[in-house]
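Take a look at the letters that make up each chain.
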Amino acid sequence: MLKDITLGQFFPADTPVHRLDPRTKLLCVILYIVALFSAKSVLTYGIMIAVLTVSVLVSKVPFKSLTKGLKPVYFVVAFTAIMNMFFTAGTPVADVWLLRSITWEGIIAAVQMVLRIILLIMGTFLMTYTTSPIALTDAMENLLGPLKKLKLPVHELAMMMSIALRFIPTLIEETDKIMSAQKARGADFETGNIFQRAKALVPILVPLFISAFRRADELATAMECRCYHGGEGRTALRVLRYRAADYAVLAGFVVLTAGIIVLKKFGL
């Protein structure tokens, strides 16, 4: 299960998606999420699936990596679908025992919710797969720049988000090593009920927290040794510049979002 968590990983390549400005990708993801939550019909969901498919093909990110990242949330997706099927008012599927509690409207809502969650996760994962953590940090700091006038620590917030994203794969790898060491000493994490499995994870959490704090202390020491004092007066190694492709892609996603909202207004 831990090896299926791919959030925070970066797949370096030379594709049109990788070459886009990170600010463009962040804004496109925001527009994509707005369009996704505005989709209500087969047509609009079909458009969103087509957009995601084209983006994946152009980025050349292995489709298997995107589906692999969905495995940890299968339970959440299934639970959400069941809750929608049983607790959405409407016409019962049949007048037979359990089917009385399942409505056709609930089934439609469950399908829409499952599609929405899957497309949302795959779309956001695609951004992290095609954008390095450093580029994401620069993009977030640049986009949140106007908030500096309100005395908000924009650089520090962007740095914290980047570090958190960067260390997700590291902590997952560390957890896997600890679990392997515990198994070698006779620990069992795969048998018993859910409470017994949760109790068996306690010996993992203590060394994992110790390792995380040790890494945080080492990182803080390294930043201090390099005279890091926040974002005041700092310059960027790579200056972000929009190109024609960025404007074209951003305009395309604006049109997509506006089109999905218009189709929703007309009930399509």
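Above: the structure in question.
Throughout, residues of each chain are indexed from 1 in the direction in which the sequence is written. Where local features are concerned, this predicted model is filtered to residues with pLDDT of at least 70; where side-chain atom pairs are given and counted, the filter is 80 or more; whole-chain, interface and lining totals use all residues. Heavy atoms from the whole structure form the basis of all side-chain values; hydrogens and water molecules are not counted.

Caption draft 1: Layout of the overall build of the protein chain. The helix count covers DSSP runs of H or I at least four residues long, the strand count covers runs of E at least two residues long, and both are numbered beginning at the N terminus. Scanning the protein chain from terminus to terminus reveals 11 helices and 0 strands. For the exposure calls, accessible area comes from a 1.4 Å probe over protein chains only, and a residue counts as buried if that area is under 20% of its type's maximum, exposed if over 50%, partly exposed in between. Within the protein chain, the proportion of its 268 residues that are buried is 32%. Two residues qualify as a contact provided that any one of their heavy atoms is within 4.5 Å of a heavy atom in the partner residue. Partitioning the intrachain contacts of the protein chain with sequence separation of at least 6 by distance along the chain shows that 72% fall at a separation of at least 24. Total accessible area on the protein chain stands at roughly 16700 Å², and carbon and sulfur atoms take up 70% of it. Neither His nor the chain termini are counted; the positive set is Lys and Arg, and the negative set is Asp and Glu. Where a charge sits is defined by one atom per residue type, namely NZ (Lys), CZ (Arg), CG (Asp) or CD (Glu). One way to put it: in the protein chain the 29 positive side-chain charges average out to a point 4 Å from where the 18 negative ones average out. Computed by Shrake-Rupley with a 1.4 Å probe, the accessible areas treat only the displayed protein chains as cover when residues are assessed.

Caption draft 2: Representation of the pattern of salt bridges. A carboxyl oxygen of Asp or Glu within 4 Å of a side-chain nitrogen of Lys or Arg is what we treat as a salt bridge. All told, the structure shown has 4 salt bridges when counted by the stated rule. Among the salt bridges present, the one from Arg19 reaches Asp14, with a minimum N-O distance of 2.7 Å. Residue classification places Arg19 among the partly exposed residues on the basis of a relative accessible area of 40%. Taking the shortest distance from any N to any O, the salt bridge between Glu173 and Lys177 comes out at 3.8 Å. Taken together, the positions of Glu173 and Lys177, both in helix H8 (residues 154-184) and 4 residues apart, correspond to about one turn of that helix.

Caption draft 3: Structural detail: unusual backbone geometry. The backbone of Lys60 sits at a positive phi, close to 60°, despite the residue not being glycine. Structurally, Lys60 is set in the loop between helix H3 (42-59) and helix H4 (63-68).

Caption draft 4: Representation of the packing of helix H5 (residues 74-87) against helix H6 (residues 104-129) within the structure. Simply put, an axis is a line fit to the C-alpha atoms, just over the touching stretch for a helix, and the angle between two N-to-C directions goes from 0 to 180 degrees. Where H5 meets H6, the closest approach of the two axes is 7 Å, and the angle between their N-to-C directions is 155°. Taken as axis vectors, H5 and H6 run roughly antiparallel relative to one another. Crossing angle aside, the handedness with which H5 passes H6 is right-handed. Across the interface between the two elements, Val77, Thr80, Ala81, Asn84 and Met85 from H5 touch Gly106, Ile107, Ala109, Ala110, Met113, Val114 and Ile117 from H6. Only Asp, Glu, Lys and Arg are considered charged, only Ala, Val, Leu, Ile, Met, Phe, Trp, Tyr, Cys and Pro nonpolar, and every remaining residue, Gly among them, polar. Partitioning the contact of H5 with H6 into residue classes produces 9 nonpolar, 3 polar and no charged. Note on angle classes: values under 35 degrees are labelled roughly parallel, values over 145 roughly antiparallel, values of 65 to 115 roughly perpendicular, and the remainder oblique. Handedness of a helix crossing follows the sense of rotation of the near helix relative to the far helix, less than a right angle counterclockwise being left-handed and clockwise being right-handed.

Caption draft 5: Here's a closer look at the layout of surface pockets. Think of a 1 Å grid over just the protein atoms. A cavity is a set of points where a 1.4 Å probe fits yet cannot get out, a pocket is an open set with protein on both sides within 12 Å along at least five of seven lines, and lining residues have an atom within 4 Å of a point. Grid points are joined across faces, edges and corners, and a volume is the space filled by probe spheres set on the points. Size it by volume and the largest pocket reaches roughly 1200 Å³. Considering the residues around the largest pocket, the lining is formed by 40 residues, among which Pro133, Ile134, Ala135, Thr137 and Asp138 are closest to the centre. Elements with a minimum of two residues in the lining of the largest pocket: helix H1 (16-19), helix H2 (22-38), helix H7 (133-143), H8 and helix H10 (202-225). Of all the elements, H7 adds the most residues to the lining of the largest pocket, at 7 residues.

Caption draft 6: The arrangement of the side chain of Ser59 in detail. Here Ser59 is to be found in helix H3. Nitrogen and oxygen atoms within 3.5 Å of one another constitute a polar contact, given that in protein one can donate a hydrogen and the other can accept it, and given that sequence-neighbouring residues count only through two side-chain atoms. A distance of 2.9 Å separates a polar side-chain atom of Ser59 from the backbone oxygen of Val56.

Caption draft 7: Inspection of the packing of H2 against helix H11 (residues 244-265) at higher detail. As a packed pair, H2 and H11 sit with axes 9 Å apart at the nearest point and diverge in direction by 10°. With respect to their mutual orientation, H2 and H11 come out roughly parallel. Contacts from Thr24, Leu27, Cys28, Leu31, Tyr32, Val34, Ala35 and Ser38 of H2 reach H11 at Asp246, Val249, Leu250, Phe253, Val254, Thr257, Ile260, Ile261 and Lys264. Looking at the contact of H2 with H11 residue by residue, the class counts come to 12 nonpolar, 3 polar and 2 charged.

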